[in-house]
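Chain by chain, the residues:
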Amino acid sequence: HKYYLKEKGVTQIEVDGELKNIDECTRKELFDELPDYIQFSNHKQAKFILKILKERKYELVDITDKREAVSSFSPKDLDYFAEREHKNWYKLRVNLGWTHGSGKKEKTSPNLVPWEELSDDVKRDNKRTYENLPKMCREPHIQLKIVKSQ
């Protein structure tokens, strides 16, 4: 979530009624500021990321694994990951009764369109998760890395 906030230009969030620099926030503080449905969605997304990495012959492993870490993904892989994730998100929302729309109306989203119809900005945002993934894995508190499967 911190990567997302930084890329959107957010430098502070409210924690317990006070503004706090996001670099000084704990992971829990950053996560807790998200609405419940986004927290749930992020948990589901994390599991799905493992699945789609595997589809492209990648694995998430402990930092002690002897294989070389992947430092970035090819543009083709980024396209695949982002499109695959969007299609899964789209299917789930449609099955839950969501429709395309904007505004405050419940169960609507302006992004509830096929991948091909998404704006380039939204597609770029979807790819950014995967662009940041190798870097996130290298964070000291995570102790993971992405490797090519054998």
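What counts, and at which threshold
- Residues numbered from 1 in each chain as written.
- Predicted model: local features only at pLDDT ≥ 70, side-chain atom pairs only at ≥ 80, totals over all residues.
- Heavy atoms only, no water.
- Helix = DSSP H or I, 4+ residues; strand = E, 2+ residues; numbered from the N terminus.
- Buried < 20%, exposed > 50% of the residue type's maximum accessible area, 1.4 Å probe, protein only.
- Contact = heavy atoms within 4.5 Å.
- Phe/Tyr/Trp six-rings, centres within 6.5 Å; stacked < 30°, edge-to-face > 60°.
- Lys NZ or Arg CZ within 6 Å of the ring centre and 35° of its normal.
- Salt bridge = Lys/Arg side-chain N within 4 Å of Asp/Glu carboxyl O.

1. A short note on the overall build of the protein
Right, on to step 1. Scanning the protein from N- to C-terminus turns up five helices and six strands.
Right, on to step 2. Projecting the C-alpha coordinates of the protein onto the three principal axes gives extents of approximately 50 × 40 × 25 Å.
Right, on to step 3. Buried positions account for 27% of the 150 residues belonging to the protein.
Right, on to step 4. Look at the contacts in the protein between residues 6 or more apart in sequence, and 56% of them connect residues 24 or more apart.

2. Observations regarding the packing of aromatic side chains
Right, on to step 1. All told, the structure shown has five aromatic pairs when counted by the stated rule.
Right, on to step 2. Summarising the aromatic geometry, the rings of Tyr58 and Phe81 are spaced 6.2 Å apart at their centres and angled 65° between planes, so their arrangement reads as edge-to-face. You can see Tyr58 sitting in strand 3 (residues 58-62) and its partner Phe81 sitting in helix 4 (residues 75-95), a full 23 residues away along the chain. The same class applies to Tyr58 as to Phe81, namely buried.
Right, on to step 3. Geometrically, the ring pair formed by Phe73 and Phe81 is edge-to-face, given 5.0 Å between the ring centres and 80° between the ring planes. Of the two residues examined, Phe73 and Phe81, each falls in the buried class.
Right, on to step 4. Chaining the aromatic ring pairs together yields one cluster made of Tyr58, Phe73, Tyr80, Phe81 and Tyr130.
Right, on to step 5. Here the guanidinium or amino end of Arg56 rests over the ring plane of Tyr80, the centre of that ring lying 4.6 Å away.

3. Some details on the pattern of salt bridges
Right, on to step 1. Taken as a whole and assessed by the stated rule, the structure comprises 13 salt bridges.
Right, on to step 2. Of the charged contacts in the structure, one is a salt bridge between Arg67 and Glu59, with a shortest N-O distance of 2.8 Å.
Right, on to step 3. Taking relative accessible area as the criterion, Glu59 reaches 29% and is therefore assigned partly exposed.
Right, on to step 4. The partner of Arg128 in a salt bridge is Asp125, with the nearest N and O atoms 2.6 Å apart. With a gap of three residues between them, Arg128 and Asp125 both fall in helix 5 (residues 120-137), about one helical turn apart.
Right, on to step 5. Overall, Asp125 belongs to the partly exposed group, its relative accessible area being 29%.
Right, on to step 6. Members of the salt-bridge network, linked through shared partners, are Glu7, Lys8, Asp125 and Arg128.

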